[in-house]
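# Structure assessment
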Amino acid sequence: MKASSKFALGSTVIVLAIVGLMYQGVKQTGVYFLSPSELVARTSQDPSFHDVGLKVGAKVVPGTIQRDPSSQRIAFRVSDSTASFPVEYTGIVPDTFTDANDIEVIMSGKLGRDGVFHATEVLAKCGSRYEAELEDLHKKST
Amino acid sequence: MTLLGQFCLWTAFLISIWTAVVSLSSRWKGRPDLGRALTRAPLALALVVWVASVALWKGLFGHDFNIEYVAAYTSSNLPDYYLFSAFWAGQKGSLLFWALVLSTFAAITQLVTSSRYRDLLPYVAGVTSAVLAFFLFVMLFGGANPFERLPFTPPDGRGLNPQLQNPGMVMHPPMLYLGYISITIPFAFAIAALLARKLDTGWIHAIRKWSLLSWLFLSIGITIGMWWAYVELGWGGYWAWDPVENASLLPWLTMTAFLHSVMIQEKRGMLKRWNLGLVIGSFLLSILGTFLTRSGVIASVHSFAQSSVGYLFLGFLLLAGIGGFTLLYTRWPNLEPEAELESLASREAAFLFNNLALVGVAFSVLWGTLFPILSEAVRGTKISVGPPFFNKVNVPLGLLLLALTGVGPLIAWRKTSLPNLRRQFLWPLSTGLLTAAVLVGLGMRDGYALMALGLSGFVVGTVVQEFYRGIRARGRLYQEGPLVGFVRLIGRNRRRYGGYLIHVAIVIYFVGFTGGAFKVTKEATLSVGESVEIESPYGGTYQLTHMGISQYEALNRLVTAASLEVTRNGKSLGRVFSEKRQHIDSFKNPTFQPSTEVGILGGLREDLYVVFAGTVDGTERASFAVTVNPLVWWVWFAGGLLVFGGLITLWPGGPAPVPVPVRTPSAAGQAEQAVPA
């Protein structure tokens, strides 16, 4: 066999291995990334969805954050424009998770049958936009 | 000053459009005056963009809060060095910074490139100017002009996001930008070579230092970014496969592939199309990274301002991609390889597999990063993949790459005989096996970790053998002592031995990453005097005792600091401090959300990493997260070694490259002296 055909064979093996690993990786570790309304719609259609671990990207409803510092439990509500549900989480939240308006979170966890989203991970980003910053400055100047 | 800035942006925009149009339309052919004008245009552009940048810096240092950008990213109590770095803290300033670096690189390119490539230089000026014109276009017409004024003057600015108030953040973005931007130069030469139909190895020689430089900047930028994430973000790690991190890794991977595959083209005249494709691809990936981070199409915890600017980048990406690859396609018949692969036991084959694996990693990272968009487009549901996906795919590929790092230098060009293989592989392989055996003896049972560390031993064995043989050959030839021999060996063949040092640095990164598999975390809420215990993965127990909370005001912030007394197996290690900082403006109003300063008690074996998560009901009772992170220090050390190796390789001077096929195995010191790799 010519060296170039041997190389082609070796490459094919590597490429197939990469594709296989990627396929398996997606199958085993891929999780739904849903908005609150999508999640609520799916669970009402198919109750087994309560047991599926997934990710939710949503806004925190301002003023709903309750912290219990001694046990590090945090409860709050998230929503998009149409659906809303409470969230419970135990652990340390990042600095960006504050009571300020307009906090967006990406959470991993399950929406339990009790209607509460039990989060295992909470990431937050400050959603304050540039326009909001300008208003801020304007307030300061007046 | 903003007027001057605006004026400069417009001037630069018009000059760059002119340069791009005249150059890329080949109007200058047969017109030496136009050709000269084109190669001088980048100098004028750099000058004008520098004036604009100085104008912005002047506004920042002068606290001219009437300038929107100054008011949005600085405050009057911000330390000077952060005023300096506020230049690239926001999107608008970043774009100007990008233009500044690009115009500077483009000018330097015209100045330092040898006149041997004078057929290419006017085209190079055209490509760099076209890219520059795009950035200026975004600033002038995309709503991202850093010189815009406000209709009112705030008494103080908003200040700089506290997470950016960190020395790492002063360095990380510019380094990464330097890396991204300097890819434009190899890209410009590739396009120039295609346009001029000068498709020999000339363009590759012209950009050798540039491609290495951009690779080095990307490496430094990524490493400093990891360090910043580690000391500033407080989640106990330095790499989370976040889309923004992935975006910086992608061009690094393809440039790594390119640095290796050009050697095949230099030596054997193969892979011409592949190399052009890699450079064009790397450039596109650097633009893609900007698009991903600025458009917000992918959910990332990095909170960049999202804006329509991202879509301008998407448009530019498509334009550059279609243009670049179409041009490559039209020159396809001119790019026939000059040789064929002769044997799988050859350095060419090792490099080919290395390229395949690197591009495979890049592809899987890109796929995983874009998967939410792809799955939504195909199946209507967003599905996201996380760190397990990336680890599952990339750990095996990483091990393959590590193995090839050891194999490449040991194996000869064209083909290697069996006795030769034996002579070359005996010691390195034994070192690798011995490493793994010793670790098993010490009780390590994690399969991947054993393979990673065993292969690390193999690569280090390879490098040591290369140095040993080179020094021994010099000793015989010139009667030199080992130390003198070592220094001269590197000096005579910087690219090769600098490259070996970089290989060792990569191995040390791998060792550091392997340590991450053994990390231990514990959370606890402690009253003053109470302690928490955490086991080190090496054995042994840390005990942390809460000593109390103190509050004080510093420079531009209110600090709440927790201190903990640390012992390891009863032996005192001193105290570790972790802080909550509330930044304030000059009127003592709080700005931004509070931020956490991590307490790290670092060491060669492991870091004790303490995060103060807050006090309980205003008492001194406080919550902590404690992590034991093995071998993290080695990741930063590897970064330093990589820079050192890179500088050796980049150092000016040294013999000119000779593209001659080599038959002797690379390690035969004597023969190799005459033919630098």
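Residues numbered from 1 in each chain as written. Chains lettered and ligands numbered in written order. Predicted model: local features only at pLDDT ≥ 70, side-chain atom pairs only at ≥ 80, totals over all residues.

### Thoughts on the overall build of chain A
Formally: Helix and strand assignments follow DSSP, with helices taken as H or I runs no shorter than four residues and strands as E runs no shorter than two, numbered in order from the N terminus. Once C-beta atoms are placed from the backbone, each residue is buried if 20 or more other C-beta atoms lie within 10 Å of its own, exposed if 12 or fewer, and partly exposed for counts between those two. It is the C-beta atoms, placed from the backbone, that decide contacts: two residues are in contact if theirs lie within 7 Å.
A tally of helices and strands in chain A yields 3 helices and 7 strands. Its helices and strands in sequence order give chain A the pattern α-β-α-β-β-β-β-β-β-α, from N to C terminus. Looking at chain A as a whole, 25% of its 142 residues are labelled buried. Across chain A, contacts joining residues at least 24 apart in sequence account for 45% of those joining residues at least 6 apart.

### So, the overall build of chain B
Heads up, the rule is: C-alpha atoms define the radius of gyration, and 2.2 Å times the number of residues to the power 0.38 defines the globule rule.
Regarding its fold elements, chain B presents 21 helices and 10 strands. For 677 residues, the compact-globule formula gives about 26 Å, and the C-alpha radius of gyration of chain B, at 27 Å, lands near that figure. Its C-alpha atoms give chain B principal-axis dimensions of about 75 × 70 × 60 Å. Going through the 677 residues of chain B one by one, you find that 52% of them count as buried. Considering only contacts in chain B between residues 6 or more positions apart, those separated by 24 or more positions represent 73%.

### Here's the deal with helix 15 (residues 387-407) of chain B
Along an α-helix, residues three or four positions apart point the same way, because every turn accommodates 3.6 residues. The cut-off we apply is this: Multiplying 1.5 Å by the helix residue count minus one yields the expected span of that helix. Here the bend at each residue means the angle between axes fitted to two seven-residue stretches, the one ending at that residue and the one beginning there.
The end-to-end C-alpha separation of helix 15 of chain B is 29 Å, in line with the 30 Å expected for 21 residues at 1.5 Å each. Along helix 15 of chain B, the sharpest change in direction is near 35° and occurs at Asn394(B); proline Pro396(B) comes one to four residues later. Taken as a whole, helix 15 of chain B has its buried residues at Phe389(B), Phe390(B), Val393(B), Asn394(B), Leu400(B), Leu401(B), Leu402(B), Ala403(B), Leu404(B), Thr405(B), Gly406(B) and Val407(B). On its buried face, helix 15 of chain B is in contact with helix 1 (3-29) of chain A together with helix 14 (347-379), helix 16 (418-441), helix 17 (447-478) and helix 19 (494-516) of chain B.

### What about the environment of His63(B)?
Residue and element names in this part refer to chain B. As for its position among the elements, His63 is in the loop between helix 2 (32-61) and helix 3 (68-73). With 17 C-beta atoms packed within 10 Å, His63 lands in the partly exposed category. When the C-alpha atoms of His63 and Asp585 are compared, they prove to be 13 Å apart, with 522 residues separating the residues in sequence.

### Here's the deal with the interface of chain B and chain A
Condition: Residues are grouped as follows: nonpolar covers Ala, Val, Leu, Ile, Met, Phe, Trp, Tyr, Cys and Pro; charged covers Asp, Glu, Lys and Arg; every other residue, Gly included, is treated as polar. In short, DSSP must find at least two bridges between two strands for them to pair.
Of the residues lining the interface, 52 residues belong to chain B; the matching set on chain A comes to 40 residues. Mapped by element, the contributors of at least two residues to the side of chain B that touches chain A are helix 3, helix 14, strand 1 (383-384), helix 15, strand 2 (520-526), strand 7 (595-597), strand 9 (606-615) and strand 10 (622-630) of chain B. When grouped by side-chain class, the residues that make up the side of chain B that touches chain A number 30 nonpolar, 14 polar and 8 charged. One ladder, built from 2 bridges, connects strand 1 (residues 31-34) of chain A with strand 1 of chain B; its direction is antiparallel. When the bridges of strand 1 of chain B are listed, Tyr32(A) appears paired with Ile383(B).

### Let's talk about the packing of helix 2 of chain B against helix 5 (residues 91-112) of chain B
All names here are of chain B. Put simply, the rule is: Lines fitted to C-alpha atoms define the axes here, with helix axes fitted over just the stretch in contact, and angles between the N-to-C directions of these axes take values from 0 to 180 degrees. Handedness of a crossing is defined here by the sense of rotation of the near helix relative to the far one, left-handed for an anticlockwise turn of less than a right angle and right-handed for a clockwise turn.
One can describe the packing of helix 2 onto helix 5 by two numbers: an axis separation of 8 Å at closest approach and a directional angle of 150°. The crossing of helix 2 and helix 5 is left-handed. Between helix 2, through Thr39, Pro42, Leu43, Leu45, Ala46, Val49, Trp50, Ala52, Ser53 and Leu56, and helix 5, the contact on the second element is made entirely by Gly93, Leu96, Ala99, Leu100, Ser103, Thr104, Ala106, Ala107 and Gln110. Tallied by class, residues from the contact of helix 2 with helix 5 come to 13 nonpolar, 6 polar and no charged.

### Concerning unusual backbone geometry
All names here are of chain B. The residue Ser26 is not glycine, and still its phi comes out positive at about 60°. Looking at the element boundaries, Ser26 is found in the loop between helix 1 (2-24) and helix 2. Ser26 gets classed as partly exposed once you count the C-beta atoms within 10 Å, which come to 13. The residue Leu631 is not glycine, and still its phi comes out positive at about 65°. Within the secondary structure, Leu631 sits in the loop between strand 10 and helix 20 (632-650). Residue classification places Leu631 among the buried residues on the basis of 23 C-beta atoms within 10 Å.

### Quick word on helix 8 (residues 184-196) of chain B
Residues and elements named next belong to chain B. Taking 1.5 Å of rise per residue, the 13 residues of helix 8 would be expected to cover 18 Å, and the 18 Å separating its terminal C-alpha atoms lies within 8% of that figure. Most of helix 8 is tucked away, with 12 of its 13 residues classed as buried. Arg197 lies just past helix 8 and shows a positive phi near 55°.

### Quick look at the sheet that holds strand 4 (residues 541-554) of chain B
Two pairing modes exist for strands in a sheet, parallel and antiparallel, and in both the strands are linked by backbone hydrogen bonds. All names here are of chain B. Spatially, 5 strands are ordered 3-4-5-6-7 in an open sheet, and the strand pairing comes out antiparallel. The outermost strands of the open sheet, each flanked by one partner alone, are strand 3 (531-535) and strand 7. The mean inter-strand angle of the sheet, taken between neighbouring strand axes irrespective of direction, is 25°. Examined bridge by bridge, strand 6 (residues 571-583) and strand 7 share 3 bridges and lie antiparallel to one another. Residue pairing across strands places Lys580 opposite Thr596, the latter belonging to strand 7.

### Structural notes on the environment of Ser417(B)
Turning to its location among the elements, Ser417(B) is positioned in the loop between helix 15 and helix 16. Residue classification places Ser417(B) among the exposed positions, given that 12 C-beta atoms sit within 10 Å.

### Examining the confidence of the model for chain B
All names here are of chain B. Going by this rule: Confidence per residue, as judged by the predictor, is encoded in pLDDT with a range of 0 to 100.
For chain B, the average pLDDT comes to 89, and 95% of its residues sit at 70 or higher. Mean pLDDT in chain B bottoms out at helix 21 (residues 669-674), which sits at 39, and peaks at helix 6 (residues 121-141), which reaches 96. Below a pLDDT of 50 lies the segment residues 657-677, which in the model reaches 44 contacts outside its immediate sequence neighbourhood of four places, other chains included.

### Section: the nonpolar core
Rules: Buried Ala, Val, Leu, Ile, Met, Phe, Trp, Tyr and Cys residues form a nonpolar core when they are connected through C-beta atoms within 7 Å.
If you look at the biggest cluster of nonpolar residues, it comprises 237 residues, and the most contacted ones within it are Ala99(B), Leu102(B), Phe135(B), Phe189(B), Ala190(B), Ala192(B) and Val610(B). Apart from residues no more than four positions distant in its own chain, Phe135(B) is found in contact with Leu95(B), Trp98(B), Ala99(B) and Leu102(B).

### Section: the sheet that holds strand 2 of chain B
All names here are of chain B. Across the sheet, which stays open at both edges, the 4 strands sit in the order 2-10-9-8 with antiparallel pairing between neighbours. Taken across any chain shown, the strands that pair with only one partner, and hence form the sheet edges, are strand 2 and strand 8 (599-601). The sheet shows a mean angle of 20° between the axes of neighbouring strands, direction not considered. Here strand 8 runs beside strand 9; their pairing, made up of 3 bridges, is antiparallel. By the bridge assignment for strand 9, Gly599 is matched with Val610.

### Some remarks on the pairing of strand 1 of chain A
Regular strands place side chains that alternate from one sheet face to the opposite one. Residues and elements named next belong to chain A. What counts is decided by this rule: Orienting the strands away from the viewer, one traces the path from the first strand over the helix to the second; a clockwise path indicates a right-handed crossover.
Pairing analysis gives 2 bridges linking strand 1 to strand 2 (residues 54-60), with the strands arranged parallel. Paired with Phe33 across the bridge in strand 2 is Lys55. As for the winding sense of the linkage, the β-α-β connection from strand 1 through helix 2 (residues 36-45) to strand 2 is right-handed.

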